[in-house]
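Geometric and topological summary
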Amino acid sequence: MYNKKIMEILQSLKNVGLLRGANAIGKAESKQSRDTIKFYFLVEEGNILNVSFKAFGGAYLIAMCSVVCDVLKGMSIED
Amino acid sequence: MNKIYLDNASTTPLSAEVLSEMMPVLTTDFGNPNSLHSFGRKAKSYIDTARERVARALGCKESEVYFTSGATESNNWAIIGLANANKHKGNHIITSKIEHPSVLEACKKLEKDGFEVTYLDVDEMGFVRIDQLLHYVNSKTILISIMSANNEMGVIQNLQAISNIASEKGIIFHTDATQAVGAISFNVRDMGIKALSMSGHKINGPKGVGVLYLSEDVVISPFMNGGEQEFGLRAGTSNVSGIVGLGKAIEIATRDIMVNNKKLRNMRDYMIKQIMQNVELAFLNGHPIQRLPNNINISFGMVDGESLMCLLDMEGIAVGTGSACSSGSVEPSYVLTSMGIAPDLVQGAIRISLSKDITKEQIDFVVSKIAECVAKLRKVSAIGKSQVGVKE
């Protein structure tokens, strides 16, 4: 059911928990289940300096959040 | 890594005793039981022995035992076949909201064909509401189908009470006993059960074989046409090795039922206690005593059951979330939801189903890993402690 990559990400989750100095929060909830994701952003002059997450949901959701945080870091809000 | 398999409600390994009974049929005694020559007669004798064993285990006649491809087929056949063969008497069927999909989907098909189906609620402990059964039974009711024990939360239903109501009103009572055979002693005649479904692979037998017991005084439509197998009601060359395996498996399960149940109940209760003592915000789902001796269905607050299952899998521990048939679906468990459990705890449930070979050392190890994995997931959780169990 789970591929190797997902397993690897779950074993060493990054970007977990509240973010010190965060100045923006993004939250999404599923209508079908209790799946919930929250992203905490540190944004300066339109650039995302740091991101962290909290999630309630399946393994894929948690792994995805961890990866998305890495992708978002360094991007601008415009991106 | 030594793996620990705790998903025996999903399927069980084939026992060595069963395999050794099956081997001749898979090799030298390969005949088609419908052939008239010696090879065929030999194969038929194997099926006859298996049928005898099933009949002895269930407390019925051999002529009331029909071999199928598994419990899903047995359930489909029982529901649809009994309804269609008895529609001149009425068009109302009663079942429960927590049945296996093979019962529920068969009932939905019948609704499209003009039958009326009542789906009974369960209470917070997982028992089918007998008061509702009494309320909804009417002169048009031809079939009551209630599972013996639930595949997810393991609660054993009050079969005798349901059966009594059915027989008083002259209604056919079918029970899906897939999870219960080997855990409950059945005597279908004494219990007033008119139809019963079961499967081989849940009792250390092979996959791909099941049984529909059908009392001789009820009428059913054939399931498949094109042959005289299974008394002309279920055509198709018999799965001889599977049938032999099921026959041996049910014989062993019945023979060892007392010993196995005693050990499993001890282990189950020990594990529940250990989890409760070592992991906070853990909630047992279903009645604590009137449940299958090997079943633990437990919810962990702030944690998603599927994520927990994944982390435990990485530690070499196999548990289930809900039923294997519906896991992978994004829909939360309809069984736990029917019991009125809060959505986050429905999502936070895992099912641990023990085997008779489990040891206390293994349980201690698993509980320590559950505690570790739950802690890890709680660090990530977007649900706070104060939100656990809140019903919206």
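The following paragraphs examine the structure supplied in this document. Here the structure is a predicted model, which means the values were calculated and not measured. (Residues numbered from 1 in each chain as written. Chains lettered and ligands numbered in written order. Predicted model: local features only at pLDDT ≥ 70, side-chain atom pairs only at ≥ 80, totals over all residues. Heavy atoms only, no water.)

1. Quick word on the interface of chain A and chain B
Rule in force here: Note on contacts: a residue pair qualifies if any of its non-hydrogen atoms lie within 4.5 Å across the two residues. Summed over both partners, the accessible surface that disappears when two parts come together, traced with a 1.4 Å probe, is what is meant by buried area. Just to be clear on terms, a salt bridge is a Lys or Arg side-chain nitrogen sitting within 4 Å of an Asp or Glu carboxyl oxygen. We call two N or O atoms a polar contact when they sit within 3.5 Å, provided that within protein one can donate a hydrogen and the other can accept it, with sequence-adjacent residues counted only if both atoms are side-chain atoms. Numbering of helices and strands starts at the N terminus; helices are DSSP runs of H or I of at least 4 residues and strands are runs of E of at least 2. When residues are grouped by polarity, Ala, Val, Leu, Ile, Met, Phe, Trp, Tyr, Cys and Pro land in nonpolar, Asp, Glu, Lys and Arg in charged, and all others, Gly among them, in polar.
In this assembly, 21 residues from chain A lie in contact with 27 residues from chain B. When chain A packs against chain B, the two sides together hide about 2100 Å² of surface, and 62% of this comes from carbon and sulfur. Interface area lost by chain A to chain B is led by Gln-32, Arg-34 and Phe-56 of chain A, which between them contribute 35%. Seen at the junction of chain A and chain B, the total is zero salt bridges. Scanning the region where chain A abuts chain B turns up nine residue pairs in polar contact (both at pLDDT 80 or more). Considering every element that reaches the side of chain A that touches chain B, the biggest residue donor is strand 3 (residues 47-56) of chain A, with four residues. Tallied by class, residues from the side of chain A that touches chain B come to eleven nonpolar, six polar and four charged.

2. As for the nonpolar core
Counted only if it meets this: We call a set of buried residues a nonpolar core when its members are Ala, Val, Leu, Ile, Met, Phe, Trp, Tyr or Cys and they connect through side-chain atoms within 4.5 Å of each other. Burial status follows relative accessibility: with a 1.4 Å probe on protein chains alone, a residue under 20% of its type maximum counts as buried, one over 50% as exposed, and anything between as partly exposed.
Formed by 70 residues in total, the largest nonpolar core has its most connected members in Phe-67, Ile-144, Phe-186 and Leu-196 of chain B. For this core, the element with the highest residue contribution is helix 8 (residues 240-255) of chain B, accounting for eight residues. Ignoring sequence-local partners within four residues, the contact set of Leu-196 of chain B consists of Leu-58, His-174, Thr-175, Ala-177, Phe-186, Val-188, Val-211, Leu-212 and Tyr-213 of chain B. Counting 53 residues, the second largest nonpolar core, distinct from the first, contains Cys-69 of chain A together with Met-314, Leu-354 and Ile-370 of chain B.

3. As for the pattern of salt bridges
All names here are of chain B. Enumeration over the complete set of coordinates arrives at 25 salt bridges over all chains. Arg-189 serves as the salt-bridge partner of Glu-64, at 2.6 Å between the closest nitrogen and oxygen. With Glu-64 in the loop between helix 2 (38-58) and strand 2 (65-68) and Arg-189 in helix 7 (residues 188-191), this residue pair connects regions lying 125 residues apart in the sequence. For Glu-64, a relative accessible area of 0% translates into the label buried. Owing to a relative accessible area of 41%, Arg-189 belongs among the partly exposed residues under this scheme. One salt bridge connects Asp-113 with Lys-109, and the closest N-O pair in it is separated by 2.7 Å. Among the residues examined, Asp-113 registers a relative accessible area of 45% and is labelled partly exposed. Overlapping salt bridges bring together Glu-21, Arg-53, Lys-248 and Glu-251 as one network.

Shape is all these values report; function is a separate question.
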